[in-house]
Amino acid sequence: MSEEMETPVTANPVSEKKDNKPLITMVIGVLALLLAATALIIIFTCNGSCKTNTSSNGSQGDVRIVWVNTDTIWGQYDFVDDVKAELAVYEKNLQDKYASSVTAFQNEYNAYIKKASAYQLSLDQQKKKEEELGQKQQALQQLDAELTQLLVDEKTARNMEVHDSIVNFIARMNKDKKYTLILERSYGGGILWADSSMEITSTVVKGLNEEYKAIKKEKAKAEPAKE
């Protein structure tokens with residue numbers, strides 16, 4: 001398989017009111033920057049634990065901020081390896097399907113050339129066959145596009161499946177609200193540096209693999225025995 005229309009802008013002759021959207025957008029942007037800066041200040045000054053007013057009645061509470069390296073998780077999570085293997089099989093099946101169609105078309109084309117070269121076809125027969133081959137070639141191109149999209153959709157769905165399993169596990173792990181904030185650190189992400197004492201990646205990876213191992217074991221028990 002092989003791997004903007006500009007909207008015309010018109011003046012409004014009825015209303016001459018000024019558009020406040022640019023101002024609103026600027027205010028929202030400034031607020032977002034302030035919130036991001038505040039989060040970073042907390043991270044660098046708390047060193048994993050600090051005191052602040054977190055309860056609704058104004059009492060003091062612990063704020064615990066930790067982070068996980070998602071690149072490491074995706075590299076060490078056993079479920080990811082299984083998904084990659086399953087996607088490889090899925091892609092191979094699609095490639096085989098396309099290759100089979102291409103081979104069939106090539107054989108038909110070669111047979112036509114052989115007959116035409118041997119003057120076994122009239123001009124009308126040649127014209128009709130060429131039109132038929134042209135339609136089949138277009139169908140091959142369409143099949144290529146469809147199979148490519150199927151592969152993209154499957155990869156997207158499986159990646160989301162892995163992502164959701166990680167997020168859901170972390171939520172369950174933190175059901176007792178031990179951590180106030182769990183940040184994600186990855187290559188090219190928004191967190192450029194974080195104190196290693198605040199990292200819980202290894203804990204998450206261990207928990208994910210233990211849970212996944214148990215899930216696979218239960219699935220194996222549920223599957224009928226192969227003769």
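Criteria and thresholds
Residue indices begin from 1 for each chain and proceed along its sequence in written order. Selection of residues for local features in this predicted model requires a pLDDT of at least 70, selection of side-chain atom pairs for listing and counting requires 80 or more, and totals for whole chains, interfaces and linings are taken over all residues. Calculated side-chain values reflect all of the structure's heavy atoms, with hydrogen atoms and water omitted. Numbering of helices and strands starts at the N terminus; helices are DSSP runs of H or I of at least 4 residues and strands are runs of E of at least 2. Three exposure classes are used, based on accessible area relative to the maximum for each residue type with a 1.4 Å probe and protein chains only: buried under 20%, partly exposed in between, and exposed over 50%. Computed with the Shrake-Rupley method and a 1.4 Å probe, the accessible areas treat only the protein chains shown as cover for residues. Any carboxyl oxygen of Asp or Glu within 4 Å of a side-chain nitrogen of Lys or Arg constitutes a salt bridge here. pLDDT expresses, on a scale from 0 to 100, how confident the predictor is about each individual residue. Here a residue-residue contact requires only that any non-hydrogen atoms of the pair lie within 4.5 Å. Throughout this description, the term nonpolar core refers to a set of buried Ala, Val, Leu, Ile, Met, Phe, Trp, Tyr and Cys residues connected via side-chain atoms within 4.5 Å. The convention used is that axes are lines fitted to C-alpha atoms, helices contributing only their stretch in contact, and that angles between N-to-C directions extend from 0 to 180 degrees. Convention used here: angles under 35 degrees read as roughly parallel, angles over 145 as roughly antiparallel, angles from 65 to 115 as roughly perpendicular, and any remaining angle as oblique. For this scheme, ten residues count as nonpolar: Ala, Val, Leu, Ile, Met, Phe, Trp, Tyr, Cys and Pro. Four count as charged, namely Asp, Glu, Lys and Arg, and the remainder, Gly too, count as polar. The pairing test for Phe, Tyr and Trp rings, Trp by its six-membered ring, is centres within 6.5 Å, and the orientation test on the planes gives stacked under 30 degrees, edge-to-face over 60, and tilted for anything in between.

A. Spotlight on the overall build of the protein chain. Counting its secondary structure elements, the protein chain contains 5 helices and 3 strands. Its helices and strands taken in sequence order, the protein chain reads α-β-β-α-α-α-β-α from the N to the C terminus. Taking all 227 residues of the protein chain together, the buried fraction comes to 23%. Put simply, the protein chain shows about 17,400 Å² of open surface, and 56% of that area lies on carbon and sulfur atoms.

B. Fine view of the pattern of salt bridges. Scanning the entire structure with this criterion turns up 9 salt bridges. With its nearest N and O atoms 2.7 Å apart, the salt bridge here joins Glu-108 to Lys-136. Remark: Lys-136 occurs in helix 4 (residues 123–173) and Glu-108 occurs in helix 3 (residues 78–117); sequence separation between them is 28 residues. One continuous salt-bridge network, built from bridges that share partners, spans Glu-108, Lys-129, Glu-132 and Lys-136.

C. Spotlight on the confidence of the model for the protein chain. For the protein chain, the mean per-residue pLDDT works out to 81, and 72% of the residues sit at or above 70. Under a pLDDT of 50 for its full length, residues 3–60 has, in the predicted model, 30 contacts with residues more than four places off or in other chains.

D. Quick peek at the nonpolar core. Core analysis: the largest hydrophobic core is formed by 18 residues, its most contacted members being Ile-73, Tyr-77, Val-162, Ile-166, Val-204 and Leu-208. Contributing elements (two or more residues each) for this core: strand 2 (60–69), helix 3, helix 4 and helix 5 (201–222). Once you skip the residues sitting within four places of it in the chain, Val-162 turns out to touch Trp-74, Tyr-77, Phe-79, Val-80 and Val-83. By size, the runner-up hydrophobic cluster in this structure holds 11 residues, among which are Leu-94, Phe-105, Tyr-112 and Leu-147.

E. Seen up close, the side chain of Thr-201. Assignment of secondary structure puts Thr-201 in helix 5. Here Thr-201 is in contact with Trp-67, Val-68, Asn-69, Thr-72 and Ile-73, once residues within four sequence places are set aside.

F. Structural context of the packing of helix 3 against helix 4. Following both chains from N to C, one finds helix 3 and helix 4 inclined at 180 degrees, their axes separated by 10 Å at the closest point. For the element pair helix 3 / helix 4, the angle class is roughly antiparallel. Counted by class, the contact of helix 3 with helix 4 contains 19 nonpolar, 4 polar and 13 charged residues.

G. Quick look at the packing of aromatic side chains. Counted according to the given criterion, the structure contains 3 aromatic pairs. Aromatic side chains Tyr-77 and Phe-79 sit 5.8 Å apart centroid to centroid with 65 degrees between the ring planes, which places their arrangement in the edge-to-face category. Residue classification places Tyr-77 among the buried positions, given a relative accessible area of 4%. Where Phe-79 meets Tyr-212, the ring centres are 5.0 Å apart and the plane angle is 45 degrees; that geometry is what we call tilted. Of this pair, Phe-79 sits in helix 3 while Tyr-212 sits in helix 5, and the two are 133 residues apart along the sequence. Considered together, Phe-79 and Tyr-212 belong to a single accessibility category, that of buried residues.

H. Fine view of unusual backbone geometry. In this model, Tyr-119 sits at a positive phi of 55 degrees, which is unusual for a non-glycine residue. Counting through the fold element by element, Tyr-119 comes out in the loop between helix 3 and helix 4. Positive phi, normally seen in glycine, also occurs at Lys-177, with a value near 55 degrees. Along the chain, the position of Lys-177 falls in the loop between helix 4 and strand 3 (181–185). We classify Lys-177 as exposed; its relative accessible area is 68%.

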